[in-house]
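# Inside the fold
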Amino acid sequence: DCRYTCHQECCSLIQLECRRPGQGQLSPDSTLLPACSQNVTQTVEEAKPEPLTIQEIKQKIDKYNAKVTNCLLMKLNEDGSYTGFIKVHLKLRRPVTVPAGLRPQSIYDALRDVNLAQMTDKRTSFYLPLDAIKQLHISSTTTVSEVIQGLLKKFMVVDNPQKFALFKEMRRDGQVLFQKLPLTEYPLYLRLLAGPDTELLSFVLKENETGEVEWDAFSIPELQNFLMILDKEEKDKIQQVQRKYEKFKQKLQQSLKEARGKPG
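Per an unreviewed UniProt entry, the chain is named Ras association domain-containing protein 5, and its organism is Bucco capensis. Checking UniProt for the chain, the heading Subcellular location (unreviewed entry) contains the comment "Cytoplasm, Cytoskeleton".

Now for the overall build of the chain. Check the secondary structure of the chain and you find six helices and 10 strands. Burial statistics for the chain: of 264 residues in total, 28% are counted as buried. Contacts in the chain between residues at least 24 apart in sequence constitute 64% of all its contacts with a sequence separation of at least 6. Accessible area for the chain stands at about 19,700 Å²; split by element, carbon and sulfur atoms hold 53% of it.

Moving on to the packing of aromatic side chains. Scanning the entire structure with this criterion turns up zero aromatic pairs. The side chain of K134 reaches across the aromatic face of F155, ending 5.9 Å from its centre. When the ring centre of F167 is taken as origin, the NZ or CZ atom of K206, which lies over that ring, is 5.2 Å away.

Another aspect to go through is the UniProt feature "coiled-coil region" (unreviewed entry) in the chain. According to UniProt, the feature "coiled-coil region" (unreviewed entry) maps to residues 231–258 in the numbering used here. The span residues 231–258 is 100% helix and 0% strand, and its two end C-alpha atoms sit 41 Å from each other.

Another aspect to go through is helix α4 (residues 144–154). What α4 keeps buried is the set V144, V147, I148, L151 and L152. Take α4 and look down its axis: the buried residues cluster within an arc of 130°, on one side only. In this fold, the buried residues of α4 make contact with β4 (82–90), β7 (132–139), β8 (164–172), α5 (187–194) and β10 (202–207). One or two positions beyond α4, positive phi appears at M156, with a value near 55°.

Let us now look at the environment of V98. The topology assignment puts V98 in strand β5 (residues 96–99). As a C-alpha pair, V98 and S125 span 27 residues in sequence and 6.1 Å in three-dimensional space. Beyond its immediate chain neighbours, meaning those up to four positions away, V98 contacts K122, R123, T124, F126, F155, M156, V157 and V158.

One finds I86, V88, F164, L166, F203 and L205 to be the most contacted residues of the largest nonpolar core, which totals 32 residues. Put simply, the parts of the chain that give this core at least two residues each are α2 (54–67), β4, β5, β7, α4, β8, α5 and β10. Sort the elements by how many residues they give to this core and α4 lands first, with five residues. Apart from the residues lying within four places of it in its own chain, the contact partners of F203 are I86, K87, V88, H89, L166, F167, L181, P187, L190 and R191.

Attention shifts here to the packing of α2 against α5. The N-to-C vectors of α2 and α5 enclose an angle of 70°; their axes lie 9 Å apart at closest approach. Here α2 is positioned roughly perpendicular relative to α5, judged by the angle of their axes. As α2 runs across α5, the sense of the crossing is left-handed. For the pair α2 and α5, contact is made by K60, I61 and Y64 and by R191, L192 and L193, respectively. Its residues placed into classes, the contact of α2 with α5 shows four nonpolar, no polar and two charged.

Turning next to the pattern of salt bridges. Evaluated as defined, the whole model comprises seven salt bridges. In this structure, E169 and K91 form a salt bridge, with 3.5 Å as the shortest nitrogen-oxygen distance. Placement of the pair is E169 in strand β8 and K91 in the loop between β4 and β5, with a sequence separation of 78 residues. Judged by relative accessible area, which is 6%, E169 ranks as buried. Judged by its relative accessible area of 26%, K91 is partly exposed. The shortest N-O distance in the salt bridge between K235 and D231 comes to 3.4 Å. Taken together, the residues K235 and D231, both in helix α6 (residues 220–259) and four residues apart, mark about one turn of the helix. In this structure K235 comes out as partly exposed when scored by relative accessible area, which is 49%. The exposure class of D231 is partly exposed, given its relative accessible area of 36%. Several salt bridges share partner residues, and in doing so they unite K91, E169, R171 and E199 into one network.

Conventions adopted
Residues numbered from 1 in each chain as written. Predicted model: local features only at pLDDT ≥ 70, side-chain atom pairs only at ≥ 80, totals over all residues. Heavy atoms only, no water. UniProt positions renumbered as here; feature names shortened; annotations may be inferred. Helix = DSSP H or I, 4+ residues; strand = E, 2+ residues; numbered from the N terminus. Buried < 20%, exposed > 50% of the residue type's maximum accessible area, 1.4 Å probe, protein only. Contact = heavy atoms within 4.5 Å. Areas by Shrake-Rupley, 256 points an atom, 1.4 Å probe, with all protein chains shown as cover. Phe/Tyr/Trp six-rings, centres within 6.5 Å; stacked < 30°, edge-to-face > 60°. Lys NZ or Arg CZ within 6 Å of the ring centre and 35° of its normal. Arc of directions from axis to C-beta. Core = buried A, V, L, I, M, F, W, Y, C linked by side-chain atoms within 4.5 Å. Axes fitted to C-alpha atoms, helices over the stretch in contact; angles between N-to-C directions. Parallel < 35°, antiparallel > 145°, perpendicular 65-115°, else oblique. Left-handed = near helix turned anticlockwise from the far one by under 90°. Nonpolar A, V, L, I, M, F, W, Y, C, P; charged D, E, K, R; others polar. Salt bridge = Lys/Arg side-chain N within 4 Å of Asp/Glu carboxyl O.

Given below as structure tokens:
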């Protein structure tokens with residue numbers, strides 16, 4: 001009657017003040033609606049696709065490889081797992097932290113799995129090239145979390161991996177849609193289902209936007225860099241506004257000059 005709503009687990013903590021005529025004060029149990037959340041959860045679980053059989057995976061890999069226009073094919077293993085390539089676009093707006101004064105990683109370092117970032121405590125920050133693309137050879141068992149860590153390692157980025165997130169980018173009806181992938185998702189499986197066409201599906205590494213910025217996760221040099229960046233952006237914005245109105249002023253003065261010798 002009073003339209004009060006609460007979780008079913010919390011009903012024992014609720015003190016209702018409303019009264020029904022002739023029946024006194026109502027009890028929470030007498031006002032409960034039939035639970036429906038369990039049915040909704042069950043429906044979602046039933047909607048999940050069933051795991052593919054090895055034969056179905058083989059058919060999809062053959063279909064995938066038939067559409068590939070380069071040598072980046074998928075390969076099926078005897079245990080039912082498979083390997084292949086994904087391309088990840090790096091669209092990072094903030095600078096990343098890397099070791100200072102280190103030489104680039106060589107093939108020898110990669111083969112020996114040498115982590116150059118651990119060889120020095122000196123750090124510096126810089127912007128990665130906008131929309132840089134990195135190609136990764138991964139397995140069907142490689143998770144989103146492992147892809148993020150692998151990308152950071154290849155670029156020798158020492159920032160916390162939790163600062164980044166992997167998104168899938170899809171194009172539908174002329175619109176670009178982004179969806180954040182859970183850390184336990186398998187990117188190569190999504191690539192297999194979508195096919196090799198990156199217009200239908202591509203992967204993007206971006207900052208992990210969680211709403212409120214957790215400033216405690218950043219070091220003092222990073223925070224100082226943010227202040228420098230904000231100061232530069234503010235100055236650039238001021239210059240843009242000044243140039244805009246300076247052009248408007250010049251056009252207005254030119255129009256007044258041309259109109260002086262005309263009647264009216």
